[in-house]
Amino acid sequence: MSEPSKHRFIEALYQRPHDGVPVWFMRQAGRYLPGYMSVRSKTDFLTLCRTPDLAAEVTLEPVDKFGVDAAIIFSDILVPLEGMGLKVEFTDRGPCMSAPLDGAADIDRLVISDPIDDTGFVMDVIRAVKERAAGRVPVIGFAGAPFTLACYALEGSPSKTFARAMSLAYGDPPLFHKLLDKLSETIIAYLKAQVEAGAEAIQLFDSWGGMLAHDTFGEYSLAYCRRIMEALDGCGVPRILFIKGAGLRLDEIADIGVEAISFDDSLHPAEAQRIVGDRAALQGNLSPHALLGTPDGLRERVRGILDVLGSRPGYVFNLGHGILPPTPVENVRAVVDEVHAYPGGGR
């Protein structure tokens, strides 16, 4: 179990006053970074995830280069699926499964993954990052939410529609719930193990939850996010929930009772603040595409968000989703510098 931290990132998640607005980025260790590309040129993606020293190296590159206020471990949301019995491959086009789930028999064969036996290397990465970070920044652990994992497990690869998953969700709800149940139990154990290994915050990503309709969002996304976060209540570290594309459901998300809600770039920061109030800290929500523009225009957009949320003790600056591979390194540095220079932040 992690010891209490006084880092501004942790303090912000607990909505306590601190010494400035913290900033980190989803997918902050990735293909836009020269150090990452150098490491990646010598090994494949999954080997990188499974090798603690290499994963720690790329995890901490943004900390060393930009001075971000937290380090999210280098891994992938699909890693736990292998322990459940699904073979996952990572290619230049993203993750894929040569044999995605196809019917009740396949779902019945899935096992509840043991986080140490099946994904113990993730815990080793957390320990390696903590050792190298030496207290400079907190370490964030993470997992994918059941609906998002189900989409990949049924489709076999990224998709614009996830038609196979939606066919099961609408055509055989009991079977779809059976799959979500197994995924939930795996993720609960997986995140608890990350906390035991030393993660100082955890984030649950439901990247595809926002694609659900008004009559299925609560049933397939929100209910399972709630189940996982409630199982982790009292785990000793702050919990962040991110459901991409679900800005219209922010009030329901806030009712789950997590310490922090990350929101995407579809919602104005003032509206997010109005809806959530002091029920949770807020994290977000600069568009990742803004980092493809000019540094001057980027700084102006950053200040626009900070002028709304920067004085709020419970606020962490982040993006509305992950950093894009073509992002110029100097633009990431410009965002961090602008956030850290904001007067009176976190008070």
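Relevant structure appears above.
Worth saying up front: this structure is predicted, and the values here are computed from it rather than measured. (Residues numbered from 1 in each chain as written. Predicted model: local features only at pLDDT ≥ 70, side-chain atom pairs only at ≥ 80, totals over all residues. Heavy atoms only, no water.)

> Which residues make up helix α9 (residues 163-171), and what are the values?
Of the residues making up α9, those classed as buried are A165, M166, L168 and A169. With its buried residues spanning 160 degrees around the axis, α9 presents them on a single face. Considering only its buried residues, α9 is in contact with α6 (104-109), α8 (146-155), α10 (173-197) and α11 (217-231). (Buried < 20%, exposed > 50% of the residue type's maximum accessible area, 1.4 Å probe, protein only. Helix = DSSP H or I, 4+ residues; strand = E, 2+ residues; numbered from the N terminus. Arc of directions from axis to C-beta. Contact = heavy atoms within 4.5 Å.)

> So what's going on with the environment of R164? Residues and values would help.
Within the fold, R164 resides in helix α9. When its relative accessible area of 36% is taken as the criterion, R164 is described as partly exposed. Residues R164 and A153, spaced 11 residues apart in sequence, show a C-alpha to C-alpha distance of 9.7 Å. With residues up to four places along the chain from it excluded, the contact list for R164 reads P100, L101, D102, L154 and E155.

> An account of helix α14 (residues 295-309) is requested, with residue identities and associated values reported.
In this model, α14 (15 residues) spans 21 Å end to end at C-alpha, consistent with the 21 Å of a helix rising 1.5 Å per residue. Where α14 is buried, its residues meet α13 (269-276), β8 (281-286), β9 (315-319) and α15 (329-340). (Expected span 1.5 Å × (residues − 1).)

> Explain the pairing of strand β5 (residues 201-206) to me, using residue names and the numbers behind them.
The side chains of a regular strand alternate, first on one face of the sheet and then on the other. Counting buried positions over the six residues of β5 gives six, a clear majority of the element. Every second residue of β5 is oriented toward a common face, with A201, Q203 and F205 on one face and I202, L204 and D206 on the other, all of them buried. Alignment of strand β4 (residues 139-144) against β5, held across five bridges, turns out to be parallel. Of the residues in β5, the one forming a bridge with G141 is I202. Sheet topology note: the β5/strand β6 (residues 239-243) ladder contains five bridges and is parallel. Among the inter-strand pairings, L204 is bridged to a residue of β6, identified as L241. The parallel pair β5 and β6, bridged by α11, forms a crossover whose chirality is right-handed. (Pairing = 2+ DSSP bridges. Right-handed = clockwise from strand over helix to strand, strands pointing away.)

> I'd like a description of the pattern of salt bridges, backed by residues and values.
Overall, the coordinates contain 22 salt bridges when judged by the stated rule. Two residues, R249 and E252, come together in a salt bridge whose shortest N-O distance is 2.6 Å. Since its relative accessible area comes to 30%, E252 is described here as partly exposed. Between R303 and E338 there is a salt bridge, and its shortest N-O distance comes to 3.1 Å. With R303 in helix α14 and E338 in helix α15, the pair connects residues that are 35 residues apart, well separated along the chain. The class of R303 is partly exposed, set by a relative accessible area of 35%. E338 sits in the buried class, given a relative accessible area of 16%. (Salt bridge = Lys/Arg side-chain N within 4 Å of Asp/Glu carboxyl O.)

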